[in-house]
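# A closer look at the structure
Residue-level listing of the chains:
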Amino acid sequence: MSYFLSLKVVIILILAAASGSLGGVAYYYQTRTANLDSQVSTLSNNASSLNDQIAALKADIANLTSQISRLQLINSQLNQTYLRIQSLEAQVIAANTQLQSLETQLSDEIGKVQSLESSFNTQLNTLNAELAQDQAEIAQLQTQISQLQTQLQQSSGLCLSGKTITIGELLDLSDGLSIQGIRARDSSLIAINDINNFLSSAGCTLKFVVSVTDYALDYSKVIGDLQAFDFQGIQVVVGPINAGAINAILPYADSHHIVLISPDVTSIALAIPNDYLFRTAPNDRWQGMADARMARAEGATKLVIVQRHDTYGDSLANATASDFKYLAGNSGIVDTGGCVGSDTVCVIQYDPSITDFTTTIAALNNAFNALNATATNRVAIDAISFEEFTQIIYQVSLQVPSLLNGRLPGAGAGSTSMWTGTHGEAQDTVISSDSTSGPLVSKIRLPSTTYSFLNNTKTERLYAAFSNTYPGNICDLFCRGAYDDVWLAALATLQVGSYDGTRIQAVMLTVADNYYGVTGWTQLEPSGDRVAAIYEIWKVVTPSGGTPTWVYAGSWDATTNSLVGFNPY
């Protein structure tokens, strides 16, 4: 800058010299000085203005800084408020959840109270019904006592004769129905003791005894056993306990006027009016429907029946097959000569005397596969067997194990096994306790039907006496039936006043219709068969840490043709 100023001075001097006037130079400088003073003043004013602006800006900055601090404080407060809001929201959510839980608990408690109220009302109704039943029982027992007293007066000669009358018993004590036969024998001894105590209390000197023979399911032997009873003058026999044996001896019993009272034979083929056979069990036209209804309830649309080829097996298989087809809408056919996919029921028969079931199992597998091809997972297997079922199921596990794994749709709790059983297996501890078959039967459950009745005070007394006399054993249907059968034999003898088979046969229906025993009223149809009421269903399960055991699985009501509380799972 100094360089350019010097240059300007030189130029001015040159010009001044050229013009010859130093006054002009002075004037220039004066003017220039004034301008500079003016510029300096302006700059001073500008600087002052800028200072004022700077001061104002500083004040603004200070103000903004203060506002920022306040905003930061507010933001911090807002953050804290937001966190509190979040906490409150979480508390509200937790409170809502707790409220919902409390509402659920309250609803559950209300439901429990309602359930308890309903249960109480049910129990109250049950107690009222039991009271009414007990009152009815008392009236019935009083009537029965009166009738017995009348009978004793009418047969005072027999009552005071001092005689001992022998009632025969044909039971299986060593073969496929040995468990049932032993229980029937044991309860018969209790019945004889009760009968003799009653006679003694009435002042009678008459006594009854039983003579038990083991026919071991041998049909040729059972004929000889009945003939031996005949030679001894025995006019009434309790048993046999399977249809094949009765079928073998009934012609002899009819022709020699020997009354047979069986606690458990159910073949429809033996429902013959005016013969010498009386059965305190319903015939298989009832059980056939119970078994068919059970298989249908588990979701089966087709059925394979594997059965003993004897009077019992043939009769029950025919009834079950016919009833199952009826429930399936009467479509398809019942095939006993093989099996094709269009069949509704296939029947596989086996000789009860065999011990190797290889051929039977092969036929069973072929039949199942044929039906399963057109009704996948809808095929049930119904086993009509006695204690040979232990060997059958064992061989199935070795030869066709897939038959143990098949499932039906079931209902309610899910799928179920496709196997069902009948009263030939139900509650048989030989089947459930066998170390080989027990776990296999527990796996498939084998829900099995058996006719039954409502317990009464007489039933409970028999249970108590049986468990005290035979600890560890149970009183099953054979046991209860045999107890009543012995009483019927004694009462019919007292009714006619003599031990005469012909006269006893003539009054048996009347005596049975008026007897109220451990199985309730023993009302018989004209064919001499028990009027059906209910069929219980039993299945095998293995409790935790326990052994395979038969447990209750529901029932079938004959009056309504419906299952009640059925649980095959």
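None of the values given here were measured: they were computed from a predicted structure.

Take the overall build of the protein next. For the protein, the count of helices and strands is 15 helices and 18 strands. Counting every position in the protein, which comprises 569 residues, the buried fraction comes to 45%. A separation of at least 24 residues holds for 69% of the contacts in the protein among residues at least 6 apart in sequence. Within the structure as shown, the protein displays about 27100 Å² of accessible surface, and the carbon and sulfur contribution to it stands at 57%.

Summed over all chains, the structure comprises seven salt bridges. Among the salt bridges present, the one from Asp-476 reaches Arg-183, with a minimum N-O distance of 2.9 Å. Here the residue Asp-476 occupies a position in the loop between α13 (457–469) and α14 (477–496), and Arg-183 occupies one in helix α4 (residues 178–201), the gap between them amounting to 293 residues. On the accessibility criterion, Asp-476 (4% relative accessible area) is buried. A salt bridge links Arg-308 to Glu-388; the shortest N-O distance between them is 3.1 Å. Here Arg-308, found in strand β6 (residues 302–308), pairs with Glu-388, found in the loop between β9 (379–384) and α10 (389–399); they are 80 residues apart in sequence, far enough to count as distant. Look at Arg-308 and you get buried, because its relative accessible area is 4%. Counted as one network, the salt bridges with shared partners bring together Arg-308, Asp-310 and Glu-388.

Our next topic: the nonpolar core. Of all hydrophobic cores here, the largest spans 86 residues; its most connected members are Leu-226, Ile-381, Phe-389, Leu-403 and Trp-419. Of all the elements, helix α6 (residues 243–256) adds the most residues to this core, at seven residues. Within the second largest apolar cluster, 43 residues are counted, among which are Phe-466, Trp-487, Val-507 and Val-518.

Read from one edge of the open sheet, five strands run β2-β1-β3-β4-β5, paired in parallel fashion. On the outer flanks of this sheet lie β2 (207–214) and β5 (277–279), each paired with one strand and no other. Here the average twist between neighbouring strands, direction ignored, is 25 degrees. Direction of pairing for strand β1 (residues 164–171) relative to strand β3 (residues 236–238): parallel, over a ladder of two bridges. Pairing of Glu-169 across the sheet is with Val-238, part of β3. In this fold α6 packs onto β1, β4 (259–262) and β5, with an angle of close to 150 degrees to the strand it touches most, β4. Across the sheet, helix α15 (residues 501–513) is in contact with β3, β4 and β5; its angle to β4 comes to roughly 45 degrees.

Below, the discussion takes up the state of the cysteines. In this structure the tally under the stated criterion is three disulfides. The residue that forms a disulfide with Cys-159 is Cys-204, at a sulfur-sulfur distance of 1.8 Å. Across the S-S bond of Cys-159 and Cys-204 the torsion is about -100 degrees, and the bridge reads as left-handed. Of this pair, Cys-159 sits in helix α3 (residues 156–159) while Cys-204 sits in the loop between α4 and β2, and the two are 45 residues apart along the sequence. Comparing Cys-159 with Cys-204 shows no difference in burial state: the two are buried. The disulfide partner of Cys-475 is Cys-479, and the S-S distance across this bridge is 1.9 Å.

Glancing now at the sheet that holds strand β13 (residues 448–452). Taken together, the four strands give an open sheet; going across it, the order is β13-β16-β17-β18, and neighbouring strands pair in antiparallel fashion. One side of each edge strand has no neighbouring strand; the edge strands of this open sheet are β13 and β18 (562–564). Each neighbouring strand pair of the sheet contributes to a mean axis angle of 35 degrees, computed without reference to strand direction. Pairing geometry for strand β16 (residues 534–541) and strand β17 (residues 549–557), over seven bridges, is antiparallel. Bridging across to β17, Lys-539 finds its partner in Val-551.

Rules of the game
Residues numbered from 1 in each chain as written. Predicted model: local features only at pLDDT ≥ 70, side-chain atom pairs only at ≥ 80, totals over all residues. Heavy atoms only, no water. Helix = DSSP H or I, 4+ residues; strand = E, 2+ residues; numbered from the N terminus. Buried < 20%, exposed > 50% of the residue type's maximum accessible area, 1.4 Å probe, protein only. Contact = heavy atoms within 4.5 Å. Areas by Shrake-Rupley, 256 points an atom, 1.4 Å probe, with all protein chains shown as cover. Salt bridge = Lys/Arg side-chain N within 4 Å of Asp/Glu carboxyl O. Core = buried A, V, L, I, M, F, W, Y, C linked by side-chain atoms within 4.5 Å. Pairing = 2+ DSSP bridges. Axes fitted to C-alpha atoms, helices over the stretch in contact; angles between N-to-C directions. Disulfide = S-S within 2.5 Å.

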